[in-house]
Amino acid sequence: MQLRDKHLDAAPLVARAGVVARLCADRGVPFIMNDRPDLALDAGADGVHVGQDDASPALARRILGPDAIVGLSTHARAELDASVAAPVDYISAGPVEATPTKLGRPGTGTGYVSYAVAGAGRPVFITGGVTPTTIPTLAAAGARCFVVVRFLTEADDPRAAARQLRHAIDTAVAGP
């Protein structure tokens, strides 16, 4: 579970993150803060996800320690290539399709998914336009891990939407 809030000030964000951290811990779900390793440490998060313009993965690792989860966003081949030497546990690749959660960033397409999966040397989480309809194409490009926001948050029935996603992933990953 990742908490991503680009607008909330530090103190209320840490308070919110503390609640999410406790809920996740009670359920055995890793909790990742977005962008801010300092706040992740303060909130008791299991790790942090940083972007290309945030704190470096090396700084995040120093702040959070060797056992924390550190992830890094990549959007282009050069960023993926540079991430290979970074002290991260996973990378994200995308957005495959343009998305309102990454305003102004064009989609990378499935060619980048294949490139990232082949070259990352660690788990690759695919972002941007992940739905039950797009999962088969993403899985055919090599994707096995998916980041989903709008399909769940905008669903009338998020539980049913999550079941649809799970079925689509299981079917696509199992193959023919």
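Bear in mind the structure is a predicted one, so any value in this text is a computation, not a measurement.

The rules we used
Residues numbered from 1 in each chain as written. Predicted model: local features only at pLDDT ≥ 70, side-chain atom pairs only at ≥ 80, totals over all residues. Heavy atoms only, no water. Helix = DSSP H or I, 4+ residues; strand = E, 2+ residues; numbered from the N terminus. Rg over C-alpha atoms; globule rule 2.2 N^0.38 Å. Buried < 20%, exposed > 50% of the residue type's maximum accessible area, 1.4 Å probe, protein only. Contact = heavy atoms within 4.5 Å. Areas by Shrake-Rupley, 256 points an atom, 1.4 Å probe, with all protein chains shown as cover. Pairing = 2+ DSSP bridges. Core = buried A, V, L, I, M, F, W, Y, C linked by side-chain atoms within 4.5 Å. Right-handed = clockwise from strand over helix to strand, strands pointing away.

(A) Layout of the overall build of the protein chain. Broken down by element type, the protein chain carries eight helices and seven strands. For 176 residues, the compact-globule estimate of 2.2 N^0.38 gives 16 Å, and the C-alpha radius of gyration of the protein chain, at 16 Å, lies within 12% of that figure. Taking all 176 residues of the protein chain together, the buried fraction comes to 40%. Expressed as a percentage of contacts within the protein chain between residues at least 6 apart in sequence, the contacts between residues at least 24 apart total 44%. Roughly 9400 Å² of accessible area belongs to the protein chain as shown, and the carbon and sulfur atoms make up 56% of that amount.

(B) Main features of the sheet that holds strand 2 (residues 32–34). Strand order in this open sheet of seven strands is 1-2-3-4-5-6-7, and the pairing throughout is parallel. The strands lining the two open edges of the sheet, one partner per strand, are strand 1 (2–3) and strand 7 (145–146). Relative to strand 3 (residues 47–50), strand 2 runs parallel, the two sharing three bridges. Across the sheet, residue I32 finds its bridge partner in strand 3, namely G47.

(C) Up close: the nonpolar core. Counting 43 residues, the largest nonpolar core has F31, M33, I126, I135, L138 and F146 as the members making the most contacts within it. The dominant element in this core, judged by the number of residues it contributes, is helix 1 (residues 10–27), at six residues. When neighbours within four sequence positions are excluded, F31 is seen to be in contact with M1, L3, A17, V20, A21, C24, A45, D46 and G47.

(D) Quick peek at the side chain of R122. Within the secondary structure, R122 is located in the loop between helix 5 (110–119) and strand 6 (124–126). Those residues in contact with R122 that lie beyond four places of it in its chain are S83, V84, A86, V88, D89, Y90 and I91.

(E) A look at the pairing of strand 4 (residues 69–74). Strand 4 sits mainly inside the fold: five of its six residues count as buried. Relative to strand 4, strand 3 runs parallel, the two being bridged by four bridges. Bridge pairing links H49 to G71 in strand 4. Note that strand 4 and strand 5 (residues 90–93) share four bridges and pair parallel. Within the sheet, the bridge partner assigned to G71 lies in strand 5 and is Y90. Handedness of the crossover joining strand 4 and strand 5 through helix 4 (residues 77–83) is recorded here as right-handed.

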